[in-house]
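Each chain, letter by letter, is given below.
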Amino acid sequence: MMAAIKIVKMMVQVGEDRRVVIDLPPETPVGPAEVTIRTTESIPTITMGSNSAREAARAKLLAAGMHVTEFQIPEGIVELSDEEMDRLGQLRQDARPSEELINEDRGEY
């Protein structure tokens, strides 16, 4: 016998202490539940190894409403043929092999 899934959606406020207190409606079943937190505003994150200056600039542009996050394809654009796509995915005849470039970047380790 499968348990019925009941979804309860509500807005909450995340405090400075990063805690959320939720008072569920009385008709909410008791037992195990899954909680998902989805923020309503974009929060730029900086990960290890990222360019913090770039992330800071993105955050400022986003806050000013000037950061482009969605792109529209211009009218009149013609889709590439299969042959053109294949050609884009191939190295030039005089190109060095990818393994050689990778080994050069890695160096001795």
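Look a little higher up for the structure.
To start, this report covers the structure provided alongside it. (Residues numbered from 1 in each chain as written. Predicted model: local features only at pLDDT ≥ 70, side-chain atom pairs only at ≥ 80, totals over all residues. Heavy atoms only, no water.)

1. Observations concerning the overall build of the protein chain
Then, in step 1: Of the regular secondary structure elements, the protein chain holds three helices and zero strands.
Then, in step 2: Secondary structure elements of the protein chain, listed N to C terminal, follow the sequence α-α-α.
Then, in step 3: When the accessible surface of the protein chain is split by element, carbon and sulfur atoms take 54% of a total near 11700 Å². (Helix = DSSP H or I, 4+ residues; strand = E, 2+ residues; numbered from the N terminus. Areas by Shrake-Rupley, 256 points an atom, 1.4 Å probe, with all protein chains shown as cover.)

2. Some points on helix α1 (residues 52-63)
Then, in step 1: Between its first and last C-alpha atoms α1 spans 16 Å; for 12 residues at 1.5 Å apiece the expected length is 16 Å, and the two agree.
Then, in step 2: Gly65 occupies a position one or two residues after α1 and carries a positive phi of about 75 degrees. (Expected span 1.5 Å × (residues − 1).)

3. A word on the pattern of salt bridges
Then, in step 1: Tallied over the entire structure, the rule returns four salt bridges.
Then, in step 2: Between Glu55 and Arg58 there is a salt bridge, with the nearest N and O atoms lying 3.5 Å from each other. Of this pair, Glu55 and Arg58 are both found in helix α1, three residues apart, which corresponds to roughly one turn of the helix.
Then, in step 3: Given a relative accessible area of 35%, Arg58 falls into the partly exposed group.
Then, in step 4: For Glu104, the salt bridge is made with Arg96, and the minimal N-O distance between the two is 2.3 Å. (Salt bridge = Lys/Arg side-chain N within 4 Å of Asp/Glu carboxyl O. Buried < 20%, exposed > 50% of the residue type's maximum accessible area, 1.4 Å probe, protein only.)

4. A look at unusual backbone geometry
Then, in step 1: A positive phi angle, near 60 degrees, is found at Arg18, a position not held by glycine.
Then, in step 2: Tracing the backbone through its elements, the reader meets Arg18 in the segment before α1.

5. With respect to a negative patch on the surface
Then, in step 1: Judged by side-chain charge, Glu79, Asp82, Glu83, Glu84 and Asp86 come together as a negatively charged surface patch.
Then, in step 2: If you trace the backbone, Asp86 turns up in helix α2 (residues 82-88). (Patch = residues over 30% accessible without salt bridge, like charges linked within 9 Å, V, L, I, M, F, W, Y side chains within 5 Å. Lys, Arg positive; Asp, Glu negative; His and termini not counted. Charge placed at Lys NZ, Arg CZ, Asp CG, Glu CD.)

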